[in-house]
Amino acid sequence: MGLAPEQVAQWWAEQVAQPQRFGEGGDPEQTARFAAGELFVLDLTQPPYDALPNPYGVTTMLAAPLRVAERVVGILTLDHSGEPHHYTEEELALAGAVARLEAFVIERERLLEERAAARADALALAAANRRMDEFLGIATHELKTPVTVLQANVQLLARRFAPAALERRSAEDLARAVASIQPLLATSERSARRLSRLVDDLLDVSRIREGHLELVPEPCDLAAIVREAVEEQQHLQPDRVIQLTLPAAGTDVTVAADAERIGQVVTNYLTNALKYSPADRPVAVSLAVEEARARVSVRDEGTGIPAAEQDQIWELFHRVPGIEVQSGSGVGLGLGLHISREIVERHGGAVGVASAVGAGSTFWFTLPLADAA
Ligand code: ADP
């Protein structure tokens, strides 16, 4: 006679709340016969069934197992609500046949779902492998480049200042040679810094993966951290315009943070902004206080990031296809934002980006102010 929609909802709620699954507890002999394919006519007015919830006042119920091979995957139950009913041989045979058919339909659906899931897994694995291969390719190249520069410079210096050659050189010639050291030392220093940054990033990633990234939070002035990071980049790239906006003097922006790690996040945002925007465009860094939080934003006038990529850039190794470094050197390994997010979230803060293709990007993070924390 069917059920009203609210009865259907109630029925589902009861099923979900059922503490026991078929075969757990109950009569093991009956369970075994049921699993062997036997149908049962149960009298719900008698123990143990009379103790079960029976909101529709069912008296007799026919239960047929849904089986795939020897495995019970479900139960088909039929009843006549409160009407006492004697199930005929034909009715039993029909119920048994419907149950068999239904079991196959369910199993077929399950296999289709399993196949779809396996396909999705295989695709995800292939994508992960591809990213890993790509990463290894870039990492090797990125690490090799500064090493090559360092090696070449050391060789050049060794040749220019070989003791045997020095003896034969005039004072003037020697002075020239000494003067030529400066640019070599400068490129060597840049290469060493780049190498050390890449290795530090790799180390950080492995620490994050193993859950060993250590933070030492102490009360510190976020304005000072931001200013220091900006000054450092300005010193390294004196030709770039970096605008800094800090809250009015006297505004307290004390945060409980690991100053070095937060500085690392600002530097990562800032170096990205510089490298993914043209050299003649400014980059703006700002620190603002919003209620119980401090917000640091870094805005660039670079290529911008497509909406579909904005969630993914925080994933390990992810680099947006088609976004090229526009100025300065260094490709990067796609690690910086992942590390930044981990650091900020471990401080109880949040990260994000607002960007549109062709309209630049604003990367931001927030930290709870020390008072609030
Ligand atoms: P990477 O070392 O590759 O810069 P990150 O994790 O810092 O690694 O950044 C991940 C990717 O996000 C970059 O490869 C780039 O595609 C994109 N990205 C990051 N910052 C910017 C930005 N300011 N403008 C455009 N794209 C950016």
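Before going into details, it helps to say that this report is about the structure given with it. (Residues numbered from 1 in each chain as written. Predicted model: local features only at pLDDT ≥ 70, side-chain atom pairs only at ≥ 80, totals over all residues. Heavy atoms only, no water.)

### Details of the sheet that holds strand β8 (residues 293–300)
Working step 1: Pairing is mixed in the open sheet, where 5 strands are placed in the order β5-β7-β8-β10-β9. Single-partner strands in this sheet number two, and they are β5 (242–245) and β9 (350–355). For this sheet, the mean inter-axis angle between neighbouring strands, taken without regard to orientation, is 15°.
Working step 2: Both strand β7 (residues 283–290) and β8 contribute to a ladder of 7 bridges, which runs antiparallel. By the bridge assignment, Glu-290 is partnered in β8 with Arg-293.
Working step 3: Together, β5, β7, β8 and β10 (361–368) form the strand contacts of helix α7 (residues 222–236), whose direction differs from that of β5 by roughly 170°.
Working step 4: Most of the contacts of helix α8 (residues 259–275) go to β10, to which it runs at about 170°, and overall it touches β5, β7, β8, β9 and β10. (Pairing = 2+ DSSP bridges. Helix = DSSP H or I, 4+ residues; strand = E, 2+ residues; numbered from the N terminus. Axes fitted to C-alpha atoms, helices over the stretch in contact; angles between N-to-C directions. Contact = heavy atoms within 4.5 Å.)

### Here's the deal with the site of the ligand
Working step 1: The environment of the ligand is made up of 21 residues, and the closest members are Asn-272, Tyr-276, Asp-300, Val-320 and Leu-337.
Working step 2: Lys-275 places a side-chain nitrogen or oxygen 3.1 Å from an oxygen atom of the ligand.
Working step 3: Within the side chain of Tyr-276, one N or O atom sits 2.8 Å away from an oxygen atom of the ligand.
Working step 4: The protein chains hide 98% of the 530 Å² of surface that the ligand would expose on its own.
Working step 5: Of all the secondary-structure elements, those providing two or more residues to the shell around the ligand are α8, α9 (336–346) and β10.
Working step 6: The element that contributes the greatest number of residues to the shell around the ligand is α8, accounting for 4 residues.
Working step 7: Split into classes, the residues belonging to the shell around the ligand amount to 11 nonpolar, 7 polar and 3 charged. (Near = heavy atom within 4 Å. Polar contact = N/O pair within 3.5 Å; in protein donor to acceptor, adjacent residues only side chain to side chain. Areas by Shrake-Rupley, 256 points an atom, 1.4 Å probe, with all protein chains shown as cover. Nonpolar A, V, L, I, M, F, W, Y, C, P; charged D, E, K, R; others polar.)

### Quick notes on the packing of helix α3 (residues 89–160) against helix α6 (residues 181–209)
Working step 1: The N-to-C vectors of α3 and α6 enclose an angle of 150°; their axes lie 9 Å apart at closest approach. Taken together, the axes of α3 and α6 are roughly antiparallel relative to one another. Pair α3 / α6 crosses with left-handed handedness. Facing α3, whose interface residues are Phe-135, Glu-142, Leu-143, Thr-145, Pro-146, Val-147, Val-149, Leu-150, Asn-153, Leu-156, Leu-157 and Arg-160, α6 presents Ile-181, Leu-184, Thr-187, Ser-188, Ser-191, Ala-192, Arg-194, Leu-195, Leu-198, Val-199 and Leu-202.
Working step 2: Here the residues of the contact of α3 with α6 are counted per class, giving 15 nonpolar, 5 polar and 3 charged. (Parallel < 35°, antiparallel > 145°, perpendicular 65-115°, else oblique. Left-handed = near helix turned anticlockwise from the far one by under 90°.)

### Focus: the pairing of β9
Working step 1: Two elements, β9 and β10, share 6 bridges in a ladder whose sense is antiparallel. Counterpart to Ser-355 in the pairing with β10 is Ser-361.
Working step 2: With antiparallel pairing between neighbouring strands as the criterion, β9 and β10 make up a hairpin whose turn holds 5 residues, including Gly-358 at a positive phi of roughly 85°.

### Looking at the sheet that holds strand β2 (residues 60–68)
Working step 1: Taken together, 3 strands build an open sheet; the order of strands is β1-β2-β3 and the sheet is antiparallel. Each of the sheet's edge strands pairs with one partner strand only, and the pair in question is β1 (40–43) and β3 (71–79). Averaged over all pairs of adjacent strands, the angle between their axes in this sheet comes to 30°, without regard to strand direction.
Working step 2: Set on the sheet, helix α2 (residues 28–35) makes contact with β1, β2 and β3; between it and β2 the angle comes to about 60°.
Working step 3: The strands touched by α3 are β1, β2 and β3; relative to β2, the strand with the most contacts, the crossing angle is about 40°.

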